[in-house]
Amino acid sequence: MLPNNAMMIMAGSPLLYLLFYAIMDKKHSSNSRAELDASETIESQTNLTWKEKVSAAGQILPLVFALFVCFVSEYIIIQAVITTMAFPSAPFPPRVHYRYYIFIFLSGEFMARSYLAVIASLKPSLVNVFAIRKVWILSLMLFGELIFFTLAAWYRFLHDVWIVFILIFAAGLEAGAAFTNAFVVVSETDARIKEFAMGFATIGMGGGTFIAGVLGLLMEPIIRDHCLLVSDVGDYCFTRPFSGWNQTIAC
């Protein structure tokens with residue numbers, strides 16, 4: 001029942017957004033409301049030309065590509081690769097592995113997406129110190145984890161689920177940090193193009209998620225079928241409950 005309880009706890013975690021917003025210090029909002037309204041009025045009077053939009057897109061294109069790589073790597077890892085990795089030495093059945101994987105990954109992602117907000121509430125002057133503006137570093141780290149997990153799933157050289165736990169937690173931290181710091185980078189662009197840049201940056205996220213879904217549909221069956229060829233116990237080739245496939249479904 002422990003994995004079920006963990007999933008129920010995570011299901012209610014979005015309510016924390018409302019709680020934290022309620023207790024958040026909003027003085028900065030009221031103090032700068034007039035200045036924001038004035039600046040927004042001025043900006044709304046002038047629209048970006050196509051030339052300016054192309055220039056702005058080119059300015060943040062490296063960030064968009066970094067986000068694309070991050071989201072492709074993240075979703076392939078959690079939806080198509082670790083779904084084929086279960087371990088006989090683990091103290092829980094194969095179908096429970098994925099629940100632990102997702103819980104640990106989302107825990108790391110939640111922490112990384114929140115760390116700048118926590119720092120800002122404690123000491124705002126440190127935000128610039130801990131912000132990671134080179135998002136491409138995080139994307140390379142995630143891509144490296146994708147390669148490692150793919151090789152591990154194919155060659156089955158990992159024999160301890162705790163190693164996967166550590167690495168999947170690190171992947172969650174990297175994915176969450178990439179998401180958070182991407183918007184830090186966008187927020188530092190020129191005020192005139194900031195709104196356009198914010199919207200353009202989401203192309204990397206949406207595109208990465210879509211491509212990961214397509215590639216995942218192709219990769220997971222291939223890795224799983226290969227696992228069945230080299231493994232003595234087919235149950236350890238698929239970690240998600242799947243009626244008719246995993247014999248531990250009734251456990």
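Here, every reference points to the structure presented above.
The structure contained in this document is the topic of the report that follows. (Residues numbered from 1 in each chain as written. Predicted model: local features only at pLDDT ≥ 70, side-chain atom pairs only at ≥ 80, totals over all residues. Heavy atoms only, no water.)

### Here we look at the packing of helix α4 (residues 50–81) against helix α8 (residues 161–187)
Thinking step 1. Packing of α4 against α8 leaves a shortest axis separation of 10 Å and a crossing angle of 155 degrees. For the element pair α4 / α8, the angle class is roughly antiparallel. With respect to the hand of their crossing, α4 and α8 are arranged in left-handed fashion. Taken together, the residues of α8 that come into contact with α4 (itself represented by Leu63, Leu67, Cys70, Phe71, Glu74, Ile77 and Ile78) are Ile168, Ala175, Ala178, Phe179, Ala182, Val185 and Val186.
Thinking step 2. Tallied by class, the residues present in the contact of α4 with α8 amount to 13 nonpolar, no polar and one charged. (Axes fitted to C-alpha atoms, helices over the stretch in contact; angles between N-to-C directions. Helix = DSSP H or I, 4+ residues; strand = E, 2+ residues; numbered from the N terminus. Parallel < 35°, antiparallel > 145°, perpendicular 65-115°, else oblique. Left-handed = near helix turned anticlockwise from the far one by under 90°. Contact = heavy atoms within 4.5 Å. Nonpolar A, V, L, I, M, F, W, Y, C, P; charged D, E, K, R; others polar.)

### Comments concerning the nonpolar core
It is characteristic of soluble globular proteins that their nonpolar side chains tend to be buried jointly.
Thinking step 1. Counting 51 residues, the largest nonpolar core has Ile82, Met85 and Tyr101 as its most contacted members.
Thinking step 2. When contributions to this core are tallied by element, the ones reaching two or more residues are α4, α5 (94–122), α7 (135–155), α8 and α9 (194–230).
Thinking step 3. Those residues within four positions of Met85 in sequence are excluded, and the remaining contacts are His97, Tyr101, Phe149, Ala152, Ala153, Arg156, Leu158, Val164, Tyr236 and Thr239.
Thinking step 4. If you look at the next biggest cluster of nonpolar residues, it comprises six residues, including Tyr115, Leu116, Ile119 and Val127. (Core = buried A, V, L, I, M, F, W, Y, C linked by side-chain atoms within 4.5 Å. Buried < 20%, exposed > 50% of the residue type's maximum accessible area, 1.4 Å probe, protein only.)

### With respect to the state of the cysteines
Thinking step 1. Applying the stated criterion across every chain yields a total of one disulfide.
Thinking step 2. Here Cys227 pairs with Cys237 through a disulfide, and the sulfurs are 2.0 Å apart. Its torsion about the S-S bond being -75 degrees, the disulfide of Cys227 and Cys237 is classed as left-handed. Separated by ten residues along the polypeptide, Cys227 in helix α9 and Cys237 in the segment after α9 bring together distant segments of the chain. Side by side, Cys227 and Cys237 carry an identical accessibility label, which is buried. (Disulfide = S-S within 2.5 Å.)

### Looking at the packing of α7 against α8
Thinking step 1. Following both chains from N to C, one finds α7 and α8 inclined at 155 degrees, their axes separated by 9 Å at the closest point. Classed by the angle they form, the pair α7 and α8 counts as roughly antiparallel. Judged by the twist between their axes, the crossing of α7 over α8 is left-handed. Facing α7, whose interface residues are Val135, Leu138, Met141, Leu142, Glu145, Phe148 and Phe149, α8 presents Val164, Leu167, Ile168, Ala170, Ala171, Glu174, Ala175, Ala177, Ala178, Asn181, Ala182 and Val185.
Thinking step 2. Tallied by class, residues from the contact of α7 with α8 come to 16 nonpolar, one polar and two charged.

### Topic: the pattern of salt bridges
Thinking step 1. Here the structure, examined in full by the defined rule, presents four salt bridges.
Thinking step 2. Across the pair Arg192 and Glu52 runs a salt bridge whose closest N-O atoms are separated by 2.9 Å. Of this pair, Arg192 sits in the loop between α8 and α9 while Glu52 sits in helix α4, and the two are 140 residues apart along the sequence.
Thinking step 3. Judged by its relative accessible area of 33%, Arg192 falls in the partly exposed class. (Salt bridge = Lys/Arg side-chain N within 4 Å of Asp/Glu carboxyl O.)

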